[in-house]
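# Residue-level structural notes
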Amino acid sequence: MVRTYVLLAWTWTRAAAAYPVSFAIMTVLGFLVAGLDVAAILVIFSNTTTLAGFTRDQVLFLYGTSNVAFALCDMLVSNLDRISLHVKSGTFDTMLIRPVSTWIQTATDRFLITRIGRVLQALLVLGYAVTALDLPWSRLWMVPVMIGCGFVIFSALWTLAGALQFVLTDAPEVSSAFTYGSGQLTQYPFAIYGREVVRGVTYVLPLAFVNWQPGLYVLGLPDPFGTPEFMRFLGPVAALVLALLAGLAWRQGIRRYRSTGS
Amino acid sequence: MIELDRAGRSFKVKRNVVHAVHDLSFTVAPGEFVGYLGPNGAGKSTTIKMLCGILTPTSGTVRVAGLDPSRKRTVVARRIGVVFGQRTTLWWDLPLKDSFELIRLLYKVDRKDFRVRLDELVETLDLSTFMKTPVRQLSLGQRMRGDLTAALLHAPEVLVLDEPTIGLDVVSKNSIRAFLQRVNAERGTTVLLTTHDLGDIERLCKRVMVIDHGRMQFDGTLDELMAGESSLEEVVTRLYTAGAQ
């Protein structure tokens, strides 16, 4: 599966190199845009010292963990939302005749290596936050786990959004609201949102397990909403459940595919 | 090799249900070369799409090489070659050569076998002059030959062709017809051919199936279809208009 992924991603990278100007512009833009989010956080903290009880470095830690997972997803899976184009134009047919998973083919469709700029930027922020906060090694093991779970949760959201396109062929924006919206939402400590919102993104759409719950554990803070301690460790469970649901939805979507007249 | 048993595919269009293919049954034996005819919208493409697992039948069963294409799609994909005349399955921005190499890797074709097959196809279909050209820059005739090559590199047991000669000039058409005949005769590949070009049928197919409104109207040899008449065009016209009434 990984072999096929790499193969297709490499193919698209070579194909993109056929348009060198756009390739270069995308790389530069990727770097610039990625910096804007951090700038926003720094602007906030030039006016205040804490945000809902969190210091600047703690916020940067939460931003970093969520964003590494999100940027990885943006690079490796986000092309799934192009599926509406393929469904509408019928080019999805071509993917279905290949002996390769349609999920991999869609995820690698027009793969852009230039998006790695965002991943690097997020890693940089995370690295800074971890050093500045001087976090103990005994809790840092959670960081790779939460990034892994975050990656799976975001990927599952993209897959669900993609599967939805088989039914709502004309509404890619609905999906973007889910995927990019979730990415934005998890950039800040959940303490700034209302109790109802946090409940929703804990028990319905399990975004709290991307960085909020496990992040509290790493930072050694109690949950301002008072959830029990064991919730900090439920990330893998949430990721697994969501991934299974997404897989089922994708399968159903394909069975509902209608192709186009030709 | 191909078996359909009361296969059907319906689509919901607004509140109505349209049966693109209705209770269709037929079998194609290994090594047969079958022409599949029908007026526009008769359900030919829908049938073909069910054979390659693109569409899931809404009733009945479809089997290709003994397997259900909608459930075992990737396994069937390795044993079937598909060409859509109206749409390329190649990678638009990649040179033809790279597309073929990618197919080798995706279908996990042995390097030696691939080399032998590719060399043979490049020679018979005369591809050598545009192997390094990106697919988007190929002429229709060149692209078609490229698509045919791509469909045969993994040595499929079944070759399904949806209007492979559409829009081609006489010379290109003839070279593709001669090639298909060879593939069928020499490799024993089972071929199912959809076309509106009756010349394709006369030149290539011993057996012809005609469908209309998603139902089988005729299934027999070309000679039986002609029934002593001289013009295939007239016979087919009569069949198509009879179906419309």
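If you're wondering where the values come from, they're calculated on a predicted model, not measured in any experiment.

## Remarks on the packing of helix H3 (residues 96–106) of chain B against helix H4 (residues 111–124) of chain B
All names here are of chain B. One way to put it is that H3 packs onto H4 with a least axis distance of 11 Å and a crossing angle of 145°. In the packing of H3 onto H4, the handedness of the crossing is right-handed. On H4, the residues that touch Phe100, Glu101 and Arg104 of H3 are Arg111, Phe114 and Leu118. Broken down by class, the residue content of the contact of H3 with H4 amounts to three nonpolar, no polar and three charged.

## Some remarks on the side chain of Glu163 of chain B
For Glu163 of chain B, the position within the fold is in the loop between strand S6 (158–162) and helix H6 (170–187). Here Glu163 of chain B is buried and forms no salt bridge, its nearest opposite-charge partner Lys44 of chain B lying at an N-O distance of 5.4 Å.

## Some remarks on the UniProt feature "transmembrane region" (unreviewed entry) in chain A
All names here are of chain A. Sites flagged by UniProt as "transmembrane region" (unreviewed entry) map to residues 28–47, 59–77, 112–133, 145–168 and 230–250. With 90% helix and 0% strand, residues 28–47 has its two end C-alpha atoms placed 30 Å apart. Helix makes up 95% of residues 59–77 and strand 0%, with an end-to-end C-alpha separation of 26 Å.

## Here we look at the packing of aromatic side chains
For the coordinates displayed, the defined rule picks out 15 aromatic pairs over all chains. For the pair Tyr217 of chain A and Phe233 of chain A, a centre-to-centre distance of 4.9 Å together with 65° between the ring planes defines the contact as edge-to-face. One end of the pair, Tyr217 of chain A, is in helix H12 (residues 212–219); the other, Phe233 of chain A, is in the loop between H12 and helix H13 (235–255), and 16 residues separate them in sequence. For Phe233 of chain A, a relative accessible area of 35% gives the class partly exposed. Taken together, the ring pairs in this structure connect Phe54, Phe190, Tyr193 and Trp212 of chain A into an aromatic cluster. The aromatic ring of Phe114 of chain B is capped on one face by Arg104 of chain B, whose charged end is 5.9 Å from the ring centroid.

## Observations concerning the sheet that holds strand S4 (residues 59–64) of chain B
To summarise the sheet geometry, strands pair through backbone hydrogen bonds and adopt either a parallel or an antiparallel arrangement. All names here are of chain B. Reading across from one edge, S2-S1-S4 is the order of the three strands in this open sheet, with antiparallel pairing throughout. Both outer strands of the open sheet, strand S2 (16–28) and S4, are each paired with one neighbouring strand and no more. Across the sheet, the axes of successive neighbouring strands diverge by a mean angle of 30°, strand direction being ignored. The sheet contact formed by strand S1 (residues 2–13) and S4 spans five bridges and is antiparallel. Of the residues in S4, the one forming a bridge with Glu3 is Arg63. Together, S1, S2 and S4 form the strand contacts of helix H1 (residues 44–51), whose direction differs from that of S1 by roughly 115°.

## Description of H6 of chain B
All names here are of chain B. With 18 residues, H6 should reach 26 Å at 1.5 Å per residue; the first-to-last C-alpha distance of 25 Å fits that figure. For H6, every residue scored as buried is listed here: Ser172, Lys173, Ile176, Arg177, Phe179, Leu180, Val183 and Asn184. Along the long axis of H6, the arc covered by the buried residues comes to 165°, so they all point the same way. Within H6, the exposed residues directed more than 90 degrees away from the buried face are Val170, Val171, Ala185 and Glu186. Of the residues that open H6, the one with a side-chain oxygen 2.9 Å from the backbone nitrogen of Val171 is Asp169.

How each quantity is defined
Counting from 1, residues in each chain are numbered in the order their sequence is written. For this description, chains carry letters from A and ligands carry numbers from 1, given in the order in which they are written. Residue-level local features of this predicted model are given only where pLDDT is at least 70; pairs of side-chain atoms are given and counted only at 80 or more, and the full residue set underlies all totals for whole chains, interfaces and linings. By convention in this description, side-chain values take in all heavy atoms of the structure and omit both hydrogens and water. Axis lines are fitted to C-alpha atoms, over the contacting stretch for helices. Their N-to-C directions set the angle, which ranges from 0 to 180 degrees. Numbering goes from the N terminus for both helices and strands, where a helix is a DSSP run of H or I of at least four residues and a strand is a run of E of at least two. We call a crossing left-handed when the near helix sits turned anticlockwise from the far one by less than a right angle, and right-handed when that turn is clockwise. What makes two residues a contact is simply this: any of their non-hydrogen atoms within 4.5 Å. Here the term charged refers only to Asp, Glu, Lys and Arg, the term nonpolar to Ala, Val, Leu, Ile, Met, Phe, Trp, Tyr, Cys and Pro, and the term polar to all other amino acids, Gly among them. Accessible area is worked out with a 1.4 Å probe on protein chains only. A residue is then buried under 20% of its type maximum, exposed over 50%, and partly exposed in between. Just so you know, the count uses Lys and Arg for positive and Asp and Glu for negative, and it drops His and the chain ends. In the sections that follow, a salt bridge refers to a side-chain nitrogen of Lys or Arg positioned within 4 Å of a carboxyl oxygen of Asp or Glu. UniProt positions are given in the numbering used here, feature names are shortened, and annotations may be inferred rather than shown by experiment. Centres within 6.5 Å are what make two rings of Phe, Tyr or Trp a pair, Trp counting through its six-membered ring; a difference in plane orientation under 30 degrees is then read as stacked, over 60 as edge-to-face, and the rest as tilted. Counting as a charge over the ring demands two things of the Lys NZ or Arg CZ atom: a distance within 6 Å of the ring centre and an angle within 35 degrees of the ring normal. At least two DSSP bridges between two strands are needed for those strands to be called paired. Expected span of a helix, by definition, is 1.5 Å for each gap between consecutive residues, and there is one gap fewer than residues. In this description, one arc is meant: the one made by directions from the helix axis to the C-beta atoms. Identification of polar contacts relies on pairs of N or O atoms within 3.5 Å, with a donor-acceptor requirement for protein atoms, meaning one able to donate a hydrogen and the other able to accept it, and with residues adjacent in sequence counted only if both atoms are side-chain atoms.

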